[in-house]
Amino acid sequence: MNAHRPHPMMPVSNHDEISEQLAIVDMKAFLGLKIEPCQRLLLEKKVKPNFEAKKGEPARNHQELRKEMEKETSYQAWLTMNSVAQDMMWDAVGTCVDRQIEDLNKKAKIKNPKGSLTTNPGFEVPNYISARDIHRMPGNYHGTYGSEDVRQGALFDRGAVVYQMGRNGGYMNDIRGHTIVSHCFSRWSDIKPLKILDMGCTVGHSTLAIASYFPQAQTFAIDVGEGMLRYAHARAERLNIPVHFSQQNAEETNFPDNEFDLITSSAVLHETSGKALPKIFDECMRILKPGGVMSHLEVPSRMDDMDTWGRIRGDYEIQYNYEPFWKGALTADFHSLAEKSGFKEVTVGFQDATPKAVRGNKNFGGPSKGVHRSWLMISGVK
Ligand SMILES: C[S@@+](CC[C@H](N)C(=O)[O-])C[C@H]1O[C@@H](n2cnc3c(N)ncnc32)[C@H](O)[C@@H]1O
């Protein structure tokens, strides 16, 4: 798996498409690195002091100050530019995918697969997914355009290369998967699962990285979208890593009790809901074998540690980037939730991001180094 080269299922971008995608990466970097710090300054040097001077007391919360920021032309422009850059990204990637969709659909037909794909025609997509196009991705995770279609998977895979701007492992986008294994190796240095489940796998970015450390194991992966999973299956087969994909809700799967040695998820919990979260933990408890390990990766930001700008920035994710459960996940007491589901040896802490997991590493338990350099890990044992 070479992070610097597109894998065989990756939509191919021609010269003009690459130029457009790179221009959008530059624009996103410019907005994040040059314009966003100005918004923080605007808040700290003008909006907050003026608001508090007028009021005669400190602002009660970040929402009060966000409303003041929303009166500023500069902030309005930043909100618009960020959203437009995101829409431009999906539009550019969508054009590239649609130009070759027939080829991609053909390539996704795999003869003699080593893994498998099970779709569920009656599947009910949870409403926290179906309510909005998360990340503004048109068609979202679950959009499907026919029984042979892989469009949403191709869109997500190519889009992630642009969206992550190289920070999650280039074309493979798999650093989070390596980081999950690194976390397991740091807590249980001799862990050797024989049956693994990755929940909310999308196109399998993290799933394949996890599976690559345990070639003796059978790896399963679930998500909600048929087209997404069809692409994930083809991608895994073409990368020669057998995985059994199925269309299932992580809250209630059809796996038997006591089935898995290791259950993982990567950046999934913040896209669920307050009601789903305990159900997912309960489901992990049900389908793990006694002694099995649950290991969820999440964004390494906690609301309590954030300053006012960080919280206002978080509101952008909810309101404009359509992250349904951003605030809920950043305030969730994962430790208690895991214990309530019956997990033992529960830890919640930061794991350094890595492209290669090493058994016995000591990279867990330090402070957060920020998104992409560290991740929050929630883990426990049944
Ligand atoms: C940000 S993506 C995860 C990315 C992927 N795990 C990786 O590391 O590349 C979130 C995924 O979680 C899936 N998801 C959210 N809720 C789910 C549920 N209840 N059951 C199954 N999948 C779910 C979404 O459909 C989406 O594909």
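These figures come from a predicted structure and were not determined experimentally.

*Asks:* Would you explain the overall build of the chain in this entry?
*Replies:* Along the backbone of the chain there are 13 helices and nine strands. For 382 residues, the compact-globule estimate of 2.2 N^0.38 gives 21 Å, and the C-alpha radius of gyration of the chain, at 21 Å, lies within 12% of that figure. Taken over 382 residues, the chain has a buried fraction of 57%. For the chain, the computed accessible surface area is about 16,600 Å², with 52% contributed by carbon and sulfur atoms. For the chain, the distance from the average position of its 47 positive side-chain charges to the average position of its 47 negative side-chain charges is 3 Å.

*Asks:* Sorry if this is basic, but what is going on with the domain arrangement of the chain here?
*Replies:* On domain assignment, one finds that the chain holds domain 1 (15-103) and domain 2 (127-144 + 150-381). Every contact between the two is made by 32 residues of domain 1 and, on the other side, 26 residues of domain 2. When the buried surface of domain 1 facing domain 2 is broken down by residue, R40, H62 and W90 rank first, second and third, together holding 24% of it. At the surface where domain 1 touches domain 2, the tally comes to five salt bridges. Of the charged contacts, one joins D315 and R66 as a salt bridge, the two residues approaching to 2.6 Å between their closest N and O atoms.

*Asks:* For this particular structure, what's the right way to read the site of the ligand?
*Replies:* Lining the immediate environment of the ligand, one finds 19 residues, of which G200, S206, D223, N249 and S266 sit closest. Contact between the ligand and T202: an oxygen atom at 2.8 Å from a side-chain N or O atom of the residue. Contacts to the ligand include N249, whose side-chain N or O atom sits 2.8 Å from a nitrogen atom. Summarising the interface, the protein chains cover 99% of the accessible area of the ligand, which totals 600 Å² for the free molecule. Looking at the shell around the ligand, the elements that each hand over two or more residues are α5 (127-130) and α8 (205-212). Grouping the constituent residues of the shell around the ligand by class yields eight nonpolar, eight polar and three charged.

*Asks:* I would appreciate a short explanation of the layout of surface pockets in the present structure.
*Replies:* One way to see where empty space is left: roll a probe the size of a water molecule over the atoms. The calculated volume of the second largest pocket comes to roughly 180 Å³. Around the second largest pocket, the lining comprises twelve residues; the ones closest to its centre are L22, R158, V161, V162 and Y171. Secondary structure elements with two or more residues in the lining of the second largest pocket: α1 (15-55) and α6 (151-163). Element by element, the count of residues in the lining of the second largest pocket is highest for α1, at four residues.

*Asks:* When you look at the sheet that holds strand β3 (residues 218-223) in this model, what are you seeing that I'm missing?
*Replies:* What holds strands together in a sheet is hydrogen bonding between their backbones, with the strands either parallel or antiparallel. With respect to topology, nine strands assemble into an open sheet ordered β1-β4-β3-β2-β5-β6-β9-β7-β8, the strand pairing being mixed. The open sheet is flanked by β1 (116-118) and β8 (364-366), the only strands paired with a single partner. Strand-to-strand twist across the sheet, computed as the mean angle between neighbouring axes with direction ignored, equals 20 degrees. Where strand β7 (residues 344-352) meets β8, two bridges bridge the pair, whose relative direction is antiparallel. Across the sheet, residue Q351 finds its bridge partner in β8, namely F364. Running at roughly 175 degrees to strand β4 (residues 244-247), helix α9 (residues 226-238) makes contact with β1, β3 and β4 of the sheet. Along the sheet, helix α10 (residues 276-287) contacts β2 (195-199), β5 (260-266), β6 (288-298) and β9 (374-381); its crossing angle with β6, the most-contacted strand, is approximately 145 degrees.

*Asks:* Quick question: what am I supposed to make of the packing of α1 against α6 here?
*Replies:* The angle between the axes and the distance between the axes are what describe a pair of packed helices. Following both chains from N to C, one finds α1 and α6 inclined at 45 degrees, their axes separated by 9 Å at the closest point. For the element pair α1 / α6, the angle class is oblique. Touching I18, Q21, I24, V25 and K28 of α1 are R158, V162 and Y163, all from α6. In terms of residue class, the contact of α1 with α6 is built from five nonpolar, one polar and two charged.

*Asks:* Just to check I follow, could you spell out the nonpolar core for this structure?
*Replies:* Nonpolar side chains in soluble globular proteins tend to be buried together. With 79 residues, the main nonpolar core has L197, M199, F214, F281 and F334 as its most contacted residues. Element by element, the count of residues in this core is highest for α10, at seven residues. When we break this core down by domain, the ones giving at least three residues each are domain 1 (15-103) and domain 2 (127-144 + 150-381). Sequence-distant contacts of L197, that is, excluding residues within four places in its chain, are made with F220, A221, I222, F255, F260, L262, I263, T264 and I287. By size, the runner-up hydrophobic cluster in this structure holds 16 residues, among which are L42, F51, W78 and I312.

Quick notes on the rules
- Residues numbered from 1 in each chain as written.
- Predicted model: local features only at pLDDT ≥ 70, side-chain atom pairs only at ≥ 80, totals over all residues.
- Heavy atoms only, no water.
- Helix = DSSP H or I, 4+ residues; strand = E, 2+ residues; numbered from the N terminus.
- Rg over C-alpha atoms; globule rule 2.2 N^0.38 Å.
- Buried < 20%, exposed > 50% of the residue type's maximum accessible area, 1.4 Å probe, protein only.
- Areas by Shrake-Rupley, 256 points an atom, 1.4 Å probe, with all protein chains shown as cover.
- Lys, Arg positive; Asp, Glu negative; His and termini not counted.
- Charge placed at Lys NZ, Arg CZ, Asp CG, Glu CD.
- Domains from an automatic or database assignment.
- Contact = heavy atoms within 4.5 Å.
- Buried area = accessible area lost by both parts, 1.4 Å probe.
- Salt bridge = Lys/Arg side-chain N within 4 Å of Asp/Glu carboxyl O.
- Near = heavy atom within 4 Å.
- Polar contact = N/O pair within 3.5 Å; in protein donor to acceptor, adjacent residues only side chain to side chain.
- Nonpolar A, V, L, I, M, F, W, Y, C, P; charged D, E, K, R; others polar.
- 1 Å grid on protein atoms, 1.4 Å probe; cavity = no way out; pocket = protein on both sides within 12 Å on 5 of 7 lines; lining within 4 Å.
- Points joined across faces, edges and corners; volume = space filled by probe spheres on them.
- Pairing = 2+ DSSP bridges.
- Axes fitted to C-alpha atoms, helices over the stretch in contact; angles between N-to-C directions.
- Parallel < 35°, antiparallel > 145°, perpendicular 65-115°, else oblique.
- Core = buried A, V, L, I, M, F, W, Y, C linked by side-chain atoms within 4.5 Å.

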